[in-house]
Amino acid sequence: MIDYRENFPLLRRIYAEHPLQYFDNAATAPKPQVVIDAVNDYYNLHNANVHRGPNFLAEEATTLYEDARLSVADFIGAQREEIIFTAGTTASINLVARSWGETNLKKGDVVALSRAEHHANIVPWLQLKEKIGIVLEYIDINEDGTFNTESLDKIFAQPKLRFLAITLASNVLGQYYDLKPIIKRAKSLGVISLVDAAQGISHRPLNVKELGADFLAFSGHKLFAPSGIGVLYGRQELLEDMSPFLGGGGMIAEVLEQSYLPAELPDKFEAGTPNIEGAIALGAAIKFIKKIGWTEIVSREKFLSDYFLEKIQELDFVQVLGGEVNRLPLFSLVLKDLHPHDVADLLGERGIIVRAGHHCAQTLHDYFQVPATLRASLSFYNTKEEIDYFINSLLEIKALLQS
Ligand SMILES: Cc1ncc(COP(=O)(O)O)c(C=O)c1O
């Protein structure tokens, strides 16, 4: 078996004599050397603003930046005009809520979310509710992590349903959703859709045209790229009709004292100096993923997911949230008589990085009536041996805390 851990300098770290074991990929993924090199090369060799100076440095930086956009477009099956670089998923969703939402939604209009949303796909809509009085409706989730079909039917029967903002994969339940039929149904009713692909993007191939989404958002940092770079995909006709969310340099064709003309897509939505090195490194991350290949990534993650589930289900003090079908290697654990924060601390002492809390999904935790969980989120490069070490460590920590 290929050891993909070798690609990630972070994973060579030793903490308290333990090799680092990274089970927090859903929070942010480690960066492969090729991504770190792309950032360094930009600063060491180019370091210029894009779309500006008439010199070779600026030309090189612009070419690298625009090539990265083409890589992203190709990665998700979009046109280059439809790829807006943002600061991340949160920024992308806020852009849609402000730019599309404020213009196209009015008091009483219904925006449907699922109960599996991250705060990033709830709060911008709550803000719009405060501002213009839209109504939020939530699609119920079954115990096994799937969408409740009765609840879906009820929401689709709402005559004022205008917008669907929905996650591709839950950062708590590990469920990867088949959104195609839901989006198709939304489309047939003239409902615009936004997909939060923050978790889904790094685990399965994705094609926005096949998915049928009107908007789709993701972050670079969960896809092995740096933080502070993300993507908003928007269907070209929709983006053409929208007003720019931020104003400034780079997003204009002309500025007069009393008026301005926005630039063409995608520049219209990229005001100010963008995260140039982040975008270039996102291009490098995509190249890295393509080189490994989706077949390899999906099959390794399936193996890890099945193995983790098998092992964790042997522990009588642990309950896993969500189901088994279409599960990513992401597990939120309810620990009987143990506080997840204490366990996460002690796992950290053994070099194992996990997350504890509600994972920015407080409403989902409330819905399942659990205050906090311990989340282990794996990626294709993790190993069976790491899972064994994790399970043994959990058993030791339980014995220690309950002795
Ligand atoms: C499903 C989901 N949506 C949105 C986000 C927000 O991503 P970011 O903080 O990179 O904007 C996250 C981050 O954990 C997430 O898991």
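Residues numbered from 1 in each chain as written. Predicted model: local features only at pLDDT ≥ 70, side-chain atom pairs only at ≥ 80, totals over all residues. Heavy atoms only, no water.

Concerning the overall build of the chain
Item 1. The number of helices and strands found in the chain is 13 helices and 17 strands.
Item 2. Viewed in the frame of its principal axes, the chain has a C-alpha envelope of about 75 × 55 × 35 Å.
Item 3. Summed over its atoms, the accessible surface of the chain is roughly 17,500 Å², and 51% of this surface lies on carbon and sulfur atoms.
Item 4. Charge separation in the chain, taken as the distance between the mean sites of 38 positive and 52 negative side-chain charges, equals 4 Å. (Helix = DSSP H or I, 4+ residues; strand = E, 2+ residues; numbered from the N terminus. Areas by Shrake-Rupley, 256 points an atom, 1.4 Å probe, with all protein chains shown as cover. Lys, Arg positive; Asp, Glu negative; His and termini not counted. Charge placed at Lys NZ, Arg CZ, Asp CG, Glu CD.)

Here we look at the sheet that holds strand S14 (residues 330-335)
Within a sheet, each strand pairs with its neighbour through backbone hydrogen bonds, oriented either parallel or antiparallel.
Item 1. Strand order in the open sheet formed by four strands is S13-S14-S17-S16, with antiparallel pairing between adjacent strands. Of all strands in the sheet, those bounded by a partner on one side alone are strand S13 (318-320) and strand S16 (355-357). For this sheet the average axis-to-axis angle between neighbouring strands, irrespective of direction, equals 30°.
Item 2. Here S14 runs beside strand S17 (residues 373-377); their pairing, made up of four bridges, is antiparallel. Bridged to Leu333 within S17 is Leu374.
Item 3. Of the strands in this sheet, S13, S14 and S17 touch helix H10 (residues 294-312), which is tilted by about 10° from S14.
Item 4. The strands touched by helix H11 (residues 340-349) are S14, S16 and S17; relative to S17, the strand with the most contacts, the crossing angle is about 40°. (Pairing = 2+ DSSP bridges. Axes fitted to C-alpha atoms, helices over the stretch in contact; angles between N-to-C directions. Contact = heavy atoms within 4.5 Å.)

Quick look at empty space enclosed by the protein
Item 1. Using the criterion set out here, one finds one cavity of 30 Å³ or more in the structure.
Item 2. Reported here for the largest cavity is a volume of approximately 90 Å³.
Item 3. Taken together, 14 residues form the lining of the largest cavity, with Asn25, Ala26, Ser202, His203 and Leu378 sitting closest to its centre.
Item 4. For the lining of the largest cavity, a count of residues per class yields seven nonpolar, six polar and one charged.
Item 5. Each of domain 1 (4-23 + 293-401) and domain 2 (36-290) accounts for three or more of the residues forming the lining of the largest cavity. (1 Å grid on protein atoms, 1.4 Å probe; cavity = no way out; pocket = protein on both sides within 12 Å on 5 of 7 lines; lining within 4 Å. Points joined across faces, edges and corners; volume = space filled by probe spheres on them. Nonpolar A, V, L, I, M, F, W, Y, C, P; charged D, E, K, R; others polar. Domains from an automatic or database assignment.)

Considering the nonpolar core
Item 1. Ile76, Leu179 and Val195 are the most contacted members of the largest nonpolar core, which totals 84 residues.
Item 2. If one sorts the elements of this core by residue count, helix H9 (residues 276-292) sits on top with 11 residues.
Item 3. If you count residues domain by domain, this core takes at least three from each of domain 1 (4-23 + 293-401) and domain 2 (36-290).
Item 4. Among residues more than four places away in sequence, those in contact with Val195 are Ile166, Leu168, Leu179, Ile183, Leu211, Ala213, Phe215, Leu216 and Ala217. (Core = buried A, V, L, I, M, F, W, Y, C linked by side-chain atoms within 4.5 Å. Buried < 20%, exposed > 50% of the residue type's maximum accessible area, 1.4 Å probe, protein only.)

Some thoughts on the pairing of strand S6 (residues 135-139)
For a regular strand, the rule is simple: side chains alternate between the two faces of the sheet.
Item 1. In terms of strand pairing, strand S5 (residues 110-114) meets S6 through five bridges, oriented parallel. Its bridge partner lying in S6, Ala112 is registered against Glu137.
Item 2. Following the backbone out of S5, through helix H4 (residues 123-132) and into the adjacent parallel S6, one traces a crossover that is right-handed. (Right-handed = clockwise from strand over helix to strand, strands pointing away.)

Focus on the site of the ligand
Item 1. The ligand sits among Thr89, Thr90, His118, Ala120, Thr167, Asn171, Asp196, Ala198, Gln199, Ser219, His221 and Lys222.
Item 2. Here His118 contributes a side-chain N or O atom positioned 3.3 Å from an oxygen atom of the ligand.
Item 3. With respect to the ligand, the side chain of Gln199 contributes an N or O atom lying 2.7 Å from an oxygen atom.
Item 4. Relative to its unbound accessible surface of 390 Å², the ligand loses 87% to contact with the protein.
Item 5. When the residues that make up the shell around the ligand are grouped by side-chain class, the tally is two nonpolar, eight polar and two charged. (Near = heavy atom within 4 Å. Polar contact = N/O pair within 3.5 Å; in protein donor to acceptor, adjacent residues only side chain to side chain.)

A word on the domain arrangement of the chain
Item 1. The domain boundaries assigned to the chain delineate domain 1 (4-23 + 293-401) and domain 2 (36-290).
Item 2. The C-alpha-based centres of domain 1 and domain 2 are spaced at 28 Å.
Item 3. Between domain 1 and domain 2, the contact holds 33 residues from the first and 32 residues from the second.
Item 4. Both faces considered, domain 1 and domain 2 share a buried interface measuring about 2,700 Å² in area, 62% of it formed by carbon and sulfur atoms.
Item 5. The largest per-residue losses of area from domain 1 upon contact with domain 2 belong to Trp294, Leu328 and Tyr367, which jointly make up 25% of the total buried on that side.
Item 6. The tally of links from domain 1 across to domain 2 stands at zero salt bridges.
Item 7. Taken together, domain 1 and domain 2 are joined by 14 residue pairs in polar contact (both at pLDDT 80 or more).
Item 8. Mapped by element, the contributors of at least two residues to the side of domain 1 that touches domain 2 are H10, S14 and helix H12 (362-367).
Item 9. Top element by residues in the side of domain 1 that touches domain 2 is H12. It accounts for five residues.
Item 10. When its residues are assigned to classes, the side of domain 1 that touches domain 2 shows 18 nonpolar, 12 polar and three charged. (Buried area = accessible area lost by both parts, 1.4 Å probe. Salt bridge = Lys/Arg side-chain N within 4 Å of Asp/Glu carboxyl O.)

What to know about the pairing of strand S10 (residues 230-234)
Item 1. In terms of burial, S10 is a largely internal element, five of the five residues being buried.
Item 2. With burial as the criterion, each face of S10 is covered, one bearing Gly230, Leu232 and Gly234 and the other bearing Val231 and Tyr233.
Item 3. Where strand S4 (residues 83-86) meets S10, four bridges bridge the pair, whose relative direction is antiparallel. Counted as the bridge partner of Ile83 is Tyr233 from S10.
Item 4. Here strand S9 (residues 215-219) runs beside S10; their pairing, made up of five bridges, is antiparallel. Across the sheet, residue Phe218 finds its bridge partner in S10, namely Val231.

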